[in-house]
Amino acid sequence: MGGTPVEADKPAEVPVAPSAQPSTCRLALTEAIAIAPSIPDIHGRGGCGGHDLVRLEAVVLPDNHQVAVRPEAILRCEMATAVANWIRTDVNALASKLGSNISELDNFDSYECRGRNRVAGAQLSEHGRANALDIRSLKLANGRVISLTDRNVPRDLREAVLHSACTRFATVLGPGSDGFHEDHIHLDLMDRRNDYRICQWDVWDPLPQKAPMLPAKRPEQAPPREVAAKPGGESDVDKPAAEEDSAASAAAEKPTAEKRSTKKRR
Ligand SMILES: [Zn+2]
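These numbers come from a predicted model, not from an experiment. (Residues numbered from 1 in each chain as written. Predicted model: local features only at pLDDT ≥ 70, side-chain atom pairs only at ≥ 80, totals over all residues.)

1. Some remarks on the nonpolar core
Worth spelling out the cut-off: Here, a nonpolar core denotes buried Ala, Val, Leu, Ile, Met, Phe, Trp, Tyr and Cys residues that are linked to one another through C-beta atoms within 7 Å. Partly exposed residues are those falling between the two cut-offs: more than 12 but fewer than 20 other C-beta atoms within 10 Å of their own, whereas 20 or more means buried and 12 or fewer means exposed, with C-beta atoms placed from the backbone. Per the convention used, a helix needs a DSSP run of H or I reaching at least four residues, while a strand needs a run of E reaching at least two, with both numbered from the N terminus.
Within the largest apolar cluster, 45 residues are counted, with the highest numbers of intra-cluster contacts made by L56, L75, A80, V83 and I87. The set of elements that each furnish at least two residues to this core consists of β5 (53–60), β6 (66–76), α3 (77–97), β7 (102–109), β8 (132–140), α4 (155–168), β10 (171–173) and β11 (185–188). If you tally residues by element for this core, the top one is α3, at 10 residues.

Here you go:
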C-alpha cells in the first residue's frame with residue numbers, strides 16, 4: 001500500500017493535476033498556427049470527454065491572417081492541429097485560387113457527449129471524444145460563402161475540399177453517406193485498425209431546374225370560373241384567380257431561362 005490510501009476510494013472524475021507535462025502536440029500547436037488555449041480535461045459519463053483539449057478559436061494562416069472558428073470548437077489537440085493544418089495549407093490554397101483568403105470556418109458541432117448521429121444508445125460519437133468537427137461552410141475575406149453541401153456551389157470547388165479533407169482526416173461524411181449529413185460535413189480522426197479511413201461524400205450535381213407544379217393554364221375558351229363554380233359557392237374565384245394565373249405563368253417562364261445556362265455546365 002502506498003502513502004495515499006484515500007486515492008483508491010476516489011471516483012474516476014477526480015480533477016487531474018494541472019502540473020502534467022504539456023504534450024508534444026500541445027508544444028507544437030503554437031500561436032503561429034492557431035489560437036487554441038488549453039482547457040481542463042473533460043471526464044463525462046459513458047466514456048465522453050478527453051484530455052489534452054483545446055478551445056480552437058482561430059487558425060493562423062502563414063501570412064498571419066486569422067481564420068475565425070465560429071463558434072469556438074472544443075477539440076483534442078491532435079484534431080485541432082489537423083483542422084489548423086488543413087485550413088492553413090489546402091483550404092488557404094483553394095481560397096487563393098479564388099483570389100481571396102479564407103476568413104471564417106463555420107463550426108456546426110465539436111465536442112458533444114452523444115451517440116452517433118444523435119441516436120440514443122448508439123455507439124459513442126467521435127464528437128463525444130472531442131475528436132470530431134462538423135462544418136457547413138467556409139467564408140472568404142471577400143464575403144463569399146462556400147457552402148459545402150450546396151449543389152449550386154461549383155462542383156470542382158466542392159471536390160477540391162472533399163479530396164483534401166479525405167487526405168487529412170480518418171473519417172469524412174457528407175451528403176449521400178448515411179442520410180444524417182446532407183447539410184454538413186463531418187470530419188474526425190477516429191483511430192481504426194490498419195489506418196482504415198472512411199471518405200463518403202457525394203458531390204451532387206445541381207438539381208435540374210424544373211418548373212414548380214402548377215395548375216395547367218386555363219385555355220382561352222374555358223368558361224369563366226364563376227360559371228364553373230358551384231352555385232352558391234364562395235366568391236373566392238374572381239379576381240384572386242386571375243392573379244394566380246398570371247403569377248403562375250411568370251413563375252413557369254423564369255426557370256426555362258435558367259435551365260439553359262445550367263445545362264451548359266454539365
Ligand atoms: Zn459530426
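2. Describing α4
Our working definition: Here, expected helix span is obtained from the residue count minus one, scaled by 1.5 Å. Working note: the arc is built from the helix axis to C-beta atom directions. In this description, a residue-residue contact is defined by the distance between C-beta atoms placed from the backbone, which must lie within 7 Å.
Compared with an ideal rise of 1.5 Å per residue, which puts 14 residues at 20 Å, α4 spans 20 Å between its outermost C-alpha atoms and is within 8% of the ideal. Here α4 has its buried residues at R158, V161 and A165. Down the axis, α4 shows its buried residues gathered within 60° of arc, on one side only. α4 presents D156, E159 and T167 as exposed residues on the side facing more than 90 degrees away from its buried surface. In this fold, the buried residues of α4 make contact with α3, β10 and β11.

3. Points about α3
The condition that has to hold: The angle between axes fitted to the seven residues ending at a residue and the seven residues starting there is what we call the bend at that residue.
With 21 residues, α3 extends 29 Å between its outermost C-alpha atoms, agreeing within 8% with the 30 Å of an ideal straight helix rising 1.5 Å per residue. By the largest-angle criterion, I87 marks the main kink of α3, which is about 35°. Considered for burial, the residues of α3 that qualify are C77, M79, A80, T81, A82, V83, A84, W86, I87, V91 and A95. Downstream of α3 by a residue or two, G99 has a phi angle that is positive, lying close to 75°.

4. Some thoughts on the pairing of β8
The condition is simple: A pair of strands is considered paired only if DSSP assigns at least 2 bridges between the two.
As defined by bridge partners, β7 adjoins β8 across five bridges and the pair is classed as antiparallel. If you follow D109 over to β8, its bridge partner there is D134. As paired strands, β8 and β11 are joined by four bridges and run antiparallel to one another. Opposite L133, over in β11, you have L187 as the bridge partner.

5. A short note on the packing of α3 against α4
The test is simple: To obtain each axis, a line is fitted to C-alpha atoms, and for helices this fit is confined to the stretch in contact; angles are then taken between N-to-C directions over 0 to 180 degrees. For this classification, under 35 degrees means roughly parallel, over 145 means roughly antiparallel, 65 to 115 means roughly perpendicular, and everything else is oblique. Left-handed describes a crossing whose near helix is turned anticlockwise from the far helix through less than a right angle; right-handed describes the clockwise counterpart. When residue character is reported, Ala, Val, Leu, Ile, Met, Phe, Trp, Tyr, Cys and Pro are called nonpolar, Asp, Glu, Lys and Arg charged, and the others, Gly included, polar.
Running from N to C, α3 and α4 cross one another at 150°; their axes reach a closest spacing of 10 Å. Between α3 and α4, the crossing angle belongs to the class labelled roughly antiparallel. α3 and α4 meet at a crossing whose hand is right-handed. Across from A82, N85, W86, D90 and L94 in α3, the residues of α4 making contact are A160, V161, S164, A165 and R168. Broken down by class, the residue content of the contact of α3 with α4 amounts to six nonpolar, two polar and two charged.

6. Re the pairing of β5
Both faces of the sheet carry side chains from a regular strand, because those side chains alternate between them. As paired elements, strand β1 (residues 34–35) and β5 share two bridges and run antiparallel to each other. Its bridge partner being in β5, A34 is matched across the sheet by V59. In the sheet, strand β2 (residues 38–39) pairs with β5 via two bridges, with the strands oriented antiparallel. Of the residues in β5, the one forming a bridge with S38 is V54.

7. A few points about unusual backbone geometry
Backbone torsion omega between R70 and P71 reads -15°, so that peptide bond is classified as cis. For P71, the location among the structural elements is in strand β6. The backbone of N64 sits at a positive phi, close to 75°, despite the residue not being glycine. Structurally, the position occupied by N64 is in the loop between β5 and β6. The residue N117 is not glycine, and still its phi comes out positive at about 55°.

8. Concerning the environment of E159
Relative to the helices and strands, E159 is located in helix α4. Residues E159 and W204 lie 45 residues apart in sequence; the distance between their C-alpha atoms is 9.9 Å.

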